[in-house]
Amino acid sequence: MNILLVDDEPLELDQLEYLIHKRFPAWAVFRASDASQALKIARQTTIFLAFLDIHLPGKSGLDLAVELLRNHKMDIVMVTAFQNFEYARTSFRLGVVDYITKPVIEDELNEILTKYERIAGFSELINHAIQIIQTEYSEKLTLNYLASRIHINPAYLSRKFQEEVGMGFSEFLNNIRLKAAQKMLIQYPDMSISGISDKCGFNSQHYFSQMFRKVTGISPRDYRLKEIYH
C-alpha cells in the first residue's frame, strides 16, 4: 500500500516513516516537504493514505487536503503540533478521516493504521515474494526469477502482486532500491553515484538518476549535498 507523508521537518518525516514501517514494513512510503511535491507524487503514484502536516510552507496542509481530495481518491489524516478544536473541526468538515497531534504517539498512530490492516494482510505467497525482494534487491532480480524461486507461474505472480500490494513488481522493487540508495548516499559520502546505482541493483546510472529524481524531485547528487551539508 502506498502512503504519503507531508511535512517540512525531516525529523518528523523520519519518525512517522519509522513507526509506519515498524508496523507494516512492506508499505511503500513517499515523502514530501511541501504541497507542490505532494501533488506531484499524487499525480504519479496511486496513494491510499496520506498524513499531512497542517503548517506547511506555501500552501497549507488544509488547502492541500482540499486539492488532493478533489482530484484523487485517498484517505487523509491531518497532523499538527497544536491542540486546536477549530483545526480539528475544519479538518473533518473537509472530509479527512482523522486528526493527530505532534509529537506523534505510537499507540495513537497504530489505532489509525489498524483500520488499514486488512489491506496489508498479504497472502503467504506475496509475503514470501516481498521477503526475497527485500533481501536480494541488489541483485539482477526479475519477475521470472522471483516466480521460479516460489515455484509459480510468472503471470500469476504478477497479477497477485498487483492485486495485493497495489503496485506492480517493478515499481515495488524500484521503491526498495531507491530507499536503499537514499541511505547509502548519506552513509557513504565518498562512494560514486555510479557505484551506489550498481550496489542497489540498477542497470544503469542514467536510469537510477531518472527514477531517483522522479520520486524525490532532485538528483542523487543534490540529495546527498542537501542531507549531508544542510
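Remember, it's a predicted structure, so these values are computed and weren't measured experimentally.

Enquirer: Whenever I open this one, the packing of helix H9 (residues 169-187) against helix H11 (residues 205-216) confuses me. Can you help?
Expert: Pairs of packed helices are described in terms of their axes, by the angle between the two and the distance that separates them. Interhelical geometry of H9 versus H11 gives an angle of 90° and a closest axis separation of 11 Å. The orientation of H9 with respect to H11, classified from their angle, is roughly perpendicular. Every residue of H11 that contacts H9 at Asn174, Leu178, Ala181, Gln182 and Leu185 is listed here: Tyr207, Phe208, Met211, Phe212, Val215 and Thr216.

Enquirer: Explain the nonpolar core here, please?
Expert: Core analysis: the biggest nonpolar cluster contains 45 residues, and Leu4, Leu52, Leu64, Ile76, Met78 and Ile133 have the highest contact counts within it. Per-element tally for this core: the top contributor is helix H6 (residues 124-136), with 6 residues. Setting aside its immediate chain neighbours within four residues, Leu4 contacts Phe30, Ala32, Ala38, Ile41, Ile47, Leu49, Ala50 and Phe51. Membership of the second largest hydrophobic core comes to 20 residues, among which are Leu13, Phe24, Leu49 and Val79.

Enquirer: Can you walk me through empty space enclosed by the protein in this structure?
Expert: Which parts of space are left empty comes out when a probe the size of a water molecule is rolled across the atoms. Evaluated as defined, the whole model comprises 1 cavity of 30 Å³ or more. Computed from the structure, the largest cavity encloses a volume of approximately 70 Å³. In this structure, the largest cavity is lined by Val6, Asp7, Glu12, Leu13, Leu16, Phe51, Asp53, Val79, Lys102 and Val104. Elements represented by at least two residues in the lining of the largest cavity include exactly helix H1 (10-23) and strand S3 (49-53). Broken down by element, the residue count for the lining of the largest cavity peaks at 3 residues, all from H1. Of the residues in the lining of the largest cavity, the class split is 6 nonpolar, no polar and 4 charged.

Calculation criteria
- Residues numbered from 1 in each chain as written.
- Predicted model: local features only at pLDDT ≥ 70, side-chain atom pairs only at ≥ 80, totals over all residues.
- Heavy atoms only, no water.
- Axes fitted to C-alpha atoms, helices over the stretch in contact; angles between N-to-C directions.
- Helix = DSSP H or I, 4+ residues; strand = E, 2+ residues; numbered from the N terminus.
- Parallel < 35°, antiparallel > 145°, perpendicular 65-115°, else oblique.
- Contact = heavy atoms within 4.5 Å.
- Core = buried A, V, L, I, M, F, W, Y, C linked by side-chain atoms within 4.5 Å.
- Buried < 20%, exposed > 50% of the residue type's maximum accessible area, 1.4 Å probe, protein only.
- 1 Å grid on protein atoms, 1.4 Å probe; cavity = no way out; pocket = protein on both sides within 12 Å on 5 of 7 lines; lining within 4 Å.
- Points joined across faces, edges and corners; volume = space filled by probe spheres on them.
- Nonpolar A, V, L, I, M, F, W, Y, C, P; charged D, E, K, R; others polar.

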